[in-house]
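Residue-level listing of the chains:
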Amino acid sequence: MNKNSKQLLSKALRNDRIGEPDKAIEDRLMYAFLLKNSKDRVRQNSFSSFAGWLFSGQSFALKTVMVSMVVFFSIFNSQFTFDSGKISASDSISSRRFLVADSAHFIQLVDSLRVDSLN
Amino acid sequence: MQQIVSGDQAAFSELYLRYKGRMYYYFYRMLENSADTANDFLQELFMKLIEKPESYNPMYPFSTWLYSVANNMCKNEYRKRGIRQEYQEAEAFEPQIDYLSDSNIKHEQVVEKIFATLDSLGEEHRSAFLLRYREGFSIKEVAEILELPEGTVKSRLFYAKKLLAEKLEYLKDEIEF
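Calculation rules
- Residue indices begin from 1 for each chain and proceed along its sequence in written order.
- By the order in which they are written, chains take letters starting at A while ligands take numbers starting at 1.
- A pLDDT threshold of at least 70 governs which residues receive local features in this predicted model, and a stricter bar of 80 or more applies before side-chain atom pairs are shown or counted, although totals over entire chains, interfaces and linings include all residues.
- Computation of side-chain values covers all heavy atoms of the structure but excludes hydrogens and water.
- Secondary structure elements are defined from DSSP: runs of H or I of at least 4 residues count as helices, runs of E of at least 2 residues count as strands, and each element is numbered from the N terminus.
- Categorising residues by exposure relies on relative accessible area from a 1.4 Å probe, with only protein chains included: less than 20% of the type maximum marks a residue as buried, more than 50% marks it as exposed, and the intermediate range marks it as partly exposed.
- Here the accessible surface of atoms and residues is derived via Shrake-Rupley with a 1.4 Å probe, and residues count as covered only by protein chains that are part of the display.
- Any two residues having at least one pair of non-hydrogen atoms within 4.5 Å are treated as being in contact.
- Note: buried area is the sum, over both parts, of the accessible area (probe 1.4 Å) each one loses when the two are combined.
- In the sections that follow, a salt bridge refers to a side-chain nitrogen of Lys or Arg positioned within 4 Å of a carboxyl oxygen of Asp or Glu.
- Polar contact is defined as a pair of N or O atoms within 3.5 Å, subject to the rule that within protein one atom must be able to donate a hydrogen and the other to accept it, and that residues adjacent in sequence are counted only when both atoms are side-chain atoms.
- Residue classes follow a fixed rule: Ala, Val, Leu, Ile, Met, Phe, Trp, Tyr, Cys and Pro count as nonpolar, while Asp, Glu, Lys and Arg count as charged, and any other residue, Gly among them, counts as polar.
- Residue-level confidence of the predictor, termed pLDDT, takes values from 0 up to 100.
- Residues belong to one nonpolar core when they are buried, are Ala, Val, Leu, Ile, Met, Phe, Trp, Tyr or Cys, and are joined through side-chain atoms within 4.5 Å.
- Each patch groups residues whose relative accessible area exceeds 30% and which form no salt bridge, using 9 Å between like charges and 5 Å between nonpolar side chains of Val, Leu, Ile, Met, Phe, Trp and Tyr.
- Residues scored as positive are Lys and Arg, those scored as negative are Asp and Glu, and His as well as the terminal groups of each chain are ignored.
- Lysine's charge is taken at NZ, arginine's at CZ, aspartate's at CG and glutamate's at CD.
- Geometry of aromatic contacts follows a simple scheme: Phe, Tyr and Trp rings, the Trp one being its six-membered ring, pair when their centres are within 6.5 Å, and the pair is stacked under 30 degrees between planes, edge-to-face over 60, tilted otherwise.

(A) Geometry of the overall build of chain A. Along the backbone of chain A there are 5 helices and 0 strands. Sequence-ordered secondary structure for chain A, helices as α and strands as β, is α-α-α-α-α. Counting every position in chain A, which comprises 119 residues, the buried fraction comes to 13%. On chain A, roughly 10600 Å² of surface is accessible, and the fraction owed to carbon and sulfur atoms is 60%.

This is how it looks when you write it as structure tokens:
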């Protein structure tokens, strides 16, 4: 096939007219487009996409790392707390009491205050 | 495409108007010259674009991507219908086309005869031929659309042209475009 024939062929195909697509398609597509976007807008304020991601198999490695970090910190955080060795039961021989500031200790009788002011 | 993803209807409308004719033609010629089927496929193609615009890879030109989606749809349809034809079968079945019966042959008839010839080669050759000569894509682009090596595309075009050359030898002196 020579170059002239190729051009002939190309021209024949490019000038080929088969008519127009159905106009109703455009209307249906525009409606579908509007419908899709309205659904997306509603979904923007929900957590469905995040929940979907969280419970899906996507980014499994990342999720595993995050969960193990949380577990690691929660275990070690409780072990290093000073209150961890606190004895809850009282013993007659040794009793450990924590000195806690209590506002009740600072209440003074009104009469004693009056006496003080007179002095 | 980013405008479409963000919900810009005007952008979608413009995109549809720009490509509807070309895609309709492609489906029409790929799917047995049926206007109804071409309309159905055109709608389905753009519905895919609406439903999953994120499936577009911005690394490729939009037209290349759109044609590759359209071509995959045609391939699936052929698979469904079970009328996939191989070149060997085409050789065994020579189409009955009367090329020289009418000396005042019209342009439309020429094109119909070209496609009647291409039908005998199967959809693989027809798609490569259409993309190259109707749509004017380069060999590289056709290869990207059809997801084939460039050598295969060249080979398919060669066979298609070879078959048509035999027919066009009669036609080219008779028709003025």
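Having seen it, we continue.
(B) Geometry of the interface of chain A and chain B. Listed per partner, the contact involves 28 residues of chain A and 36 residues of chain B. For the pair chain A and chain B, the summed buried area comes to about 3200 Å², and 68% of that belongs to carbon and sulfur atoms. The largest per-residue losses of area from chain A upon contact with chain B belong to A:L13, A:I18 and A:F33, which jointly make up 22% of the total buried on that side. Our count for the contact surface shared by chain A and chain B stands at 2 salt bridges. Between A:D16 and B:R29 there is a salt bridge; the shortest N-O distance is 2.7 Å. On the surface where chain A and chain B come into contact, there are 8 residue pairs in polar contact (both at pLDDT 80 or more). Counting residues per element, the side of chain A that touches chain B draws most heavily on helix 2 (residues 23-43) of chain A, which supplies 10 residues. Class assignment for the residues of the side of chain A that touches chain B results in 13 nonpolar, 6 polar and 9 charged.

(C) Inspection of the confidence of the model for chain A at higher detail. Summary statistics for chain A give a mean pLDDT of 72 and a share of 55% for residues scoring 70 or more. Mean pLDDT values over the elements of chain A span from 56, in helix 5 (residues 110-118) of chain A, up to 85, in helix 4 (residues 60-79) of chain A.

(D) Region of interest: the nonpolar core. Ranked by internal contacts, the top residues of the largest apolar core, which has 62 residues, are B:F12, B:M23, B:F27, B:L45 and B:F129. In terms of residue count, helix 2 (residues 9-30) of chain B provides more of this core than any other element does, 12 residues in total.

(E) A look at a nonpolar patch on the surface. On the surface, A:V65, A:V67, A:M69, A:V71, A:F72, A:F73, A:I75 and A:F76 cluster together to form a nonpolar patch covering roughly 740 Å² of accessible area. Its place among the elements puts A:F72 in helix 4.

(F) Examining unusual backbone geometry more closely. Residue and element names in this part refer to chain B. Even without glycine at this site, E32 takes up a positive phi of about 60°. Structurally, the position occupied by E32 is in the loop between helix 2 and helix 3 (35-51). Backbone geometry places E147, a non-glycine residue, at a positive phi of 55°. Note on placement: E147 falls in the loop between helix 8 (139-146) and helix 9 (150-171).

(G) Summary view of the confidence of the model for chain B. Per-residue confidence for chain B gives a mean pLDDT of 79; residues scoring 70 or more make up 79%. Both scores are available for the predicted complex, with the pTM at 0.62 and the ipTM at 0.72.

(H) Local environment of a negative patch on the surface. The grouping of A:D22, A:D27, B:D36, B:D40 and B:E44 at the surface amounts to a negative patch. In terms of residue count, the dominant contributor to the negative patch is helix 3 of chain B (3 residues). Mapping A:D27 onto the fold places it in helix 2.

(I) Geometry of the side chain of A:K36. Within the secondary structure, A:K36 is located in helix 2. What makes A:K36 buried here is its relative accessible area of 19%. For A:K36, the residues in contact, after removing those within four places along its chain, are B:I50 and B:E51.

(J) Seen up close, the packing of aromatic side chains. Residue and element names in this part refer to chain B. One pass over the structure, following the stated rule, counts 15 aromatic pairs over all chains. Judged by centre distance (5.0 Å) and plane angle (80°), the rings of Y16 and F46 are edge-to-face. Placement of Y16 in helix 2 and of F46 in helix 3 is noted, with a sequence separation of 30 residues between them. In this structure, Y16 and F46 share a single accessibility class: buried. Ring centres of F129 and Y133 lie 4.9 Å apart, and the angle between their planes is 45°; this geometry places the pair in the tilted category. Here F129 pairs with Y133, and both are found in helix 7 (residues 123-134), just 4 residues apart, close to one helical turn.

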